[in-house]
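Topology and contacts: notes
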Amino acid sequence: MTEQSGAQWHDEPTDYGQIGKLPRTEAASAKDSAPPASVIGSLNITAASADPELLDLPWHIALEDWPAEHLAALPRGISRHIVRFAHLGGSVIAIKETSEHVARHEYHMLRKLARLDVPCVEPVAVITGRTTADGKPLNPVLVTRHLKFSMPYRALFSQMLRKDTLTRLIDAQALLLVRLHLIGFYWGDVSLSNTLFRRDAGAFAAYLVDAETGELYPDLSTGQREYDLEIARVNIAGELMDLLEGGLIEEKVDPVATSELIMDSYRRLWAELTEKESFELGERWRVGARIRRLNELGFDVEEYAIKTTADGSTIQLQPKVVDAGHHQRRLLRLTGLDAQENQARRLLNDMDSFRADNNPDMDEEYSAHLWVSQIFEPIVRSIPRELAGKLEPAEVVHEVLEHRWYMSQKQDRHIPLAETVQSYLDTVLRHRRDEAAIMLNPDTELLKILEVETEESRYADLEGYPDADD
């Protein structure tokens, strides 16, 4: 459908103070929301900014029947709705057919979550008023931007993965759930299917994809948090049973027992972030230790309260304002680089070592500038164009630094950066699948090629490399 058909653009009236669900003022189905005859053929597009390229997509065709020329065939998760990926300029968008109220509510929630800096997909638009060429109404759609280098969990299991790798996915899901609960977001449908995963320095970072059941409150009760956690446990158990039936995880994996790992991981994280801690007056060092542990989890402590007891013999410590992304913010402040939390921690460690080895008295910001120009940028520039889509730059630099360490350990010598990069390109990166690639109409066998290689297979030719799941 082109501009000739017309479109009405609307700014999203997002009320950031609105709690709970978006009020139901719109129609609940395509049939109920059919436009009057006078406006048939005119789209209603609600978006934060007008993107004329949206008008070039075939909105007059039911989503399940869209022609392949518009589609970007990326691996999709399981969804109760029809979902398609499509090209939009130089990016890829995800389009989901649903009811108007659900689409607007989810758009509303995603806008709020993005504003609160929560890992989630970016909302692009809600499009209503869709009709076929002969005037029959079509379902409204929610449009979000595809998260580059991300994968649904089923793509991660396109080859059999080990139990420990699965545990890292569940830990990433637990951390995402903790972050959501800290800001007062009740998810209502926690599952691996509603999450996307990105590599994060050997681990995984989880992003919320589906927010249609979500509600945002000033605070969540213990009951709300526990119910969300129970939903997560049940849904993950069912998803793992499905994977086990398909032979995509090891037979020794117990779906129910493994799904319960999210309960332990969540409660451990929640306690570290929110519980009070008591200690003797002579143990003030535990204040710094608690803050360092929170930083290692990726959270900043902007404020904390210390309260002495009545007899003055003990101190109670409780962090008050904790924000995720401690290492991300420090890396961004020093270098302007935007990376995942674990990637940022790994790059900062190398940056600190670079400063200590070269000029420990140098100003931190100036040393960071030198590190970018002498380490980060040379590595990124060394990646041939045909390999540039394999991994995102921060992950490549992390892997090069790890590769250098393994080479140094094996050869018992300092390995120059140029030699490290060449070895990494020849023995590792060339054999990785292209995580940024967009492939049209993949069949089942092609989707199975979308595999996550373990460290063992990546470094099989380098004797002495540790098991990736150790």
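The structure we're discussing is the one just above.
We now turn to the structure provided with this report.

Cut-offs applied
Residues numbered from 1 in each chain as written. Predicted model: local features only at pLDDT ≥ 70, side-chain atom pairs only at ≥ 80, totals over all residues. Heavy atoms only, no water. Pairing = 2+ DSSP bridges. Helix = DSSP H or I, 4+ residues; strand = E, 2+ residues; numbered from the N terminus. Axes fitted to C-alpha atoms, helices over the stretch in contact; angles between N-to-C directions. Phe/Tyr/Trp six-rings, centres within 6.5 Å; stacked < 30°, edge-to-face > 60°. Buried < 20%, exposed > 50% of the residue type's maximum accessible area, 1.4 Å probe, protein only. Core = buried A, V, L, I, M, F, W, Y, C linked by side-chain atoms within 4.5 Å. Contact = heavy atoms within 4.5 Å.

1. Observations concerning the sheet that holds strand 2 (residues 43–47)
Read across the open sheet, the six strands follow the order 1-2-5-6-4-3; overall the sheet is mixed. Sheet topology places strand 1 (7–10) and strand 3 (83–88) at the edges, where each strand pairs with a single neighbour. On average, each strand axis in the sheet is inclined to that of its neighbour by 25°, with strand direction left out of account. With four bridges joining them, strand 2 and strand 5 (residues 122–128) adopt antiparallel strand pairing. By the bridge assignment, Asn44 is partnered in strand 5 with Thr128.

2. What to know about the packing of aromatic side chains
All chains considered together, the criterion is met by four aromatic pairs. Look at Trp59 and Trp66: their rings are 5.2 Å apart centre to centre, the planes differ by 65°, and that puts the pair in the edge-to-face class. On the accessibility criterion, Trp59 (0% relative accessible area) is buried. Exposure remark for Trp66: the relative accessible area of 5% places this residue in the buried category. Centre to centre, the rings of Tyr266 and Trp270 are 5.9 Å apart; their planes meet at 10°, and the pair counts as stacked. Of this pair, Tyr266 and Trp270 both sit in helix 6 (residues 261–274), separated by four residues, roughly a single helical turn. Here Tyr266 and Trp270 have matching classes, each one buried.

3. Observations regarding the nonpolar core
Grouped together as the largest cluster of nonpolar side chains are 45 residues, with contacts concentrated most on Leu180, Phe185, Trp187, Phe197 and Leu208. Of all the secondary structure elements, the ones that give two or more residues to this core are helix 1 (100–115), helix 3 (163–182), strand 9 (195–200), strand 10 (203–208), helix 4 (222–245) and helix 6. Per-element tally for this core: the top contributor is helix 3, with nine residues. Dropping the residues within four chain positions of it, Leu208 is found in contact with Leu110, Leu113, Pro119, Cys120, Val121, Leu176, Leu180, Phe185, Trp187 and Asn194. Counting 31 residues, the second largest nonpolar core, distinct from the first, contains Leu348, Val372, Leu391 and Val397.

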